[in-house]
Amino acid sequence: MESPSGSATSVARQLVEAGRRLERRGWALGTSGNFSAVIAEDPLRLAITASGIDKASLSEKDIVEVDDHAQLVRGRGDGRPSAETHLHLMVVKARDAGAVLHTHSVWTTVLTNATEAREISIRGYEMLKGLAGVQTHEHEERVPIVENAQDMPKLAREVEGILAERPGAHAFLLRRHGLYTWGRDLPEAVRHVEILEFLFEALGRSRSLQGS
Ligand SMILES: [Zn+2]
């Protein structure tokens, strides 16, 4: 079944737009971050940014297509899927997501460095209402923090277990690394990045002002 996002070409175009927008905000500097969107559900085909691409000059040729085992189906001869493709595929399956976005911001790095806790709790902010299904600023968003690792299939299994225990979570953080969030489609996933990055920055700046 084809995704509501449309053909592989239009999905790639939308991913490029989203990726460049997030890079301009400083959330995917250098070659950091990676972005994906579902092209087709059965069999699963995922469009994802190739490894080692500078997101400021991201273009459609930098988007490759993988199957549900993270194997390259279509793309540039030298284009390898991102090393973190396993995490994207896990989130797509676990959350029935249409798009998964991964950013490396200063504030997610600072906040996950400042604590040894395994989650960051966010509550009482109006911006929380930008998360899908959230109706009130009184909502508590508990964002899990997972220890960073380089073995991506293993890390994906670990996060899969955490997400299963937390069906309401909209995102997770990798410590001193960055944010993963998702949406039923790409616009919702982009909104979630913007909402969460706003909230992490607000939290970080508030703590700085309080001197804690
Ligand atoms: Zn990363």
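Refer to the preceding data block for the structure.
Residues numbered from 1 in each chain as written. Predicted model: local features only at pLDDT ≥ 70, side-chain atom pairs only at ≥ 80, totals over all residues. Heavy atoms only, no water.

Topic: the sheet that holds strand E5 (residues 99–103)
As summarised here, the arrangement of the 9 strands in space is E4-E3-E2-E1-E5-E9-E8-E7-E6, forming an open sheet in which the pairing is mixed. The sheet is open, and its two borders are formed by strand E4 (72–74) and strand E6 (119–123), each paired with just one other strand. When strand polarity is set aside, the average angle formed by the axes of neighbouring strands in this sheet is 25°. Strand direction decides the pairing type here: strand E3 (residues 63–66) and E4, joined by 2 bridges, are antiparallel. Of the residues in E4, the one forming a bridge with Glu 65 is Arg 74. In this fold helix H3 (residues 106–113) packs onto E6, strand E7 (140–146), strand E8 (171–174) and strand E9 (178–183), with an angle of close to 70° to the strand it touches most, E8. (Pairing = 2+ DSSP bridges. Helix = DSSP H or I, 4+ residues; strand = E, 2+ residues; numbered from the N terminus. Axes fitted to C-alpha atoms, helices over the stretch in contact; angles between N-to-C directions. Contact = heavy atoms within 4.5 Å.)

As for the pairing of E5
Of all 5 residues making up E5, 5 are buried, and the element is well covered by its neighbours. Burial along E5 is two-sided: Ala 99, Leu 101 and Thr 103 and Val 100 and His 102, pointing in opposite directions, are all buried. Alignment of strand E1 (residues 34–41) against E5, held across 4 bridges, turns out to be antiparallel. Across the sheet, residue Ser 36 finds its bridge partner in E5, namely Val 100. (Buried < 20%, exposed > 50% of the residue type's maximum accessible area, 1.4 Å probe, protein only.)

Points about the pairing of E8
Each regular strand carries side chains that alternate between the two faces of the sheet. Side chains of E8 alternate between two faces, with Ala 171 and Leu 173 and Phe 172 and Leu 174 buried alike. Here E7 runs beside E8; their pairing, made up of 2 bridges, is parallel. Bridge pairing in E8 links Val 146 to Leu 174. The handedness of the E7 to E8 crossover, carried by helix H4 (residues 152–165), is right-handed. Relative to E9, E8 runs antiparallel, the two sharing 4 bridges. Paired with Leu 174 across the bridge in E9 is Gly 178. Taking the residues between adjacent antiparallel strands as the criterion, E8 and E9 are bridged by 3 residues, where Arg 176 takes a positive phi near 55°. (Right-handed = clockwise from strand over helix to strand, strands pointing away.)

Points about the coordination of the zinc ion
Distances from the zinc ion to its protein donors, namely Glu 84 (OE), His 102 (NE2), His 104 (NE2) and His 177 (NE2), fall within the range 2.0 to 2.5 Å. Every donor counted, the 4 donor atoms about the zinc ion form angles of 93 to 151° at the centre, which fits irregular coordination. Summarised as a motif, the one-chain spacing of the donors to the zinc ion is E-x17-H-x1-H-x72-H. Of this pair, His 104 sits in the loop between E5 and H3 while His 177 is found in the loop between E8 and E9, placing the two residues 73 residues apart along the sequence. (Donors = N, O, S within 2.8 Å, 3.2 Å for Na, K, Ca; no water. Tetrahedral: all angles 85-135°; square planar, octahedral: opposite > 155°, others 65-115°.)

Re helix H1 (residues 8–24)
A rise of 1.5 Å per residue sets the reference length of H1, with its 17 residues, at 24 Å; its end C-alpha atoms lie 24 Å apart and thus fit the reference within 8%. Ala 8, Ser 10, Val 11, Ala 12, Leu 15, Val 16, Ala 18, Gly 19, Leu 22 and Glu 23 are the residues of H1 that are buried. Looking at the residues trailing H1, positive phi occurs at Gly 26, about 85°. (Expected span 1.5 Å × (residues − 1).)

Topic: the packing of helix H2 (residues 85–95) against H4
Interhelical geometry of H2 versus H4 gives an angle of 25° and a closest axis separation of 9 Å. The orientation of H2 with respect to H4, classified from their angle, is roughly parallel. Considering how the two elements wind past one another, H2 and H4 form a crossing that is right-handed. Contacts between H2 and H4 involve His 86, Leu 87, Met 90, Val 91 and Arg 95 from the first element and Met 152, Pro 153, Leu 155, Ala 156, Val 159, Glu 160 and Leu 163 from the second. Residue composition of the contact of H2 with H4, grouped by class: 9 nonpolar, 1 polar and 2 charged. (Parallel < 35°, antiparallel > 145°, perpendicular 65-115°, else oblique. Left-handed = near helix turned anticlockwise from the far one by under 90°. Nonpolar A, V, L, I, M, F, W, Y, C, P; charged D, E, K, R; others polar.)

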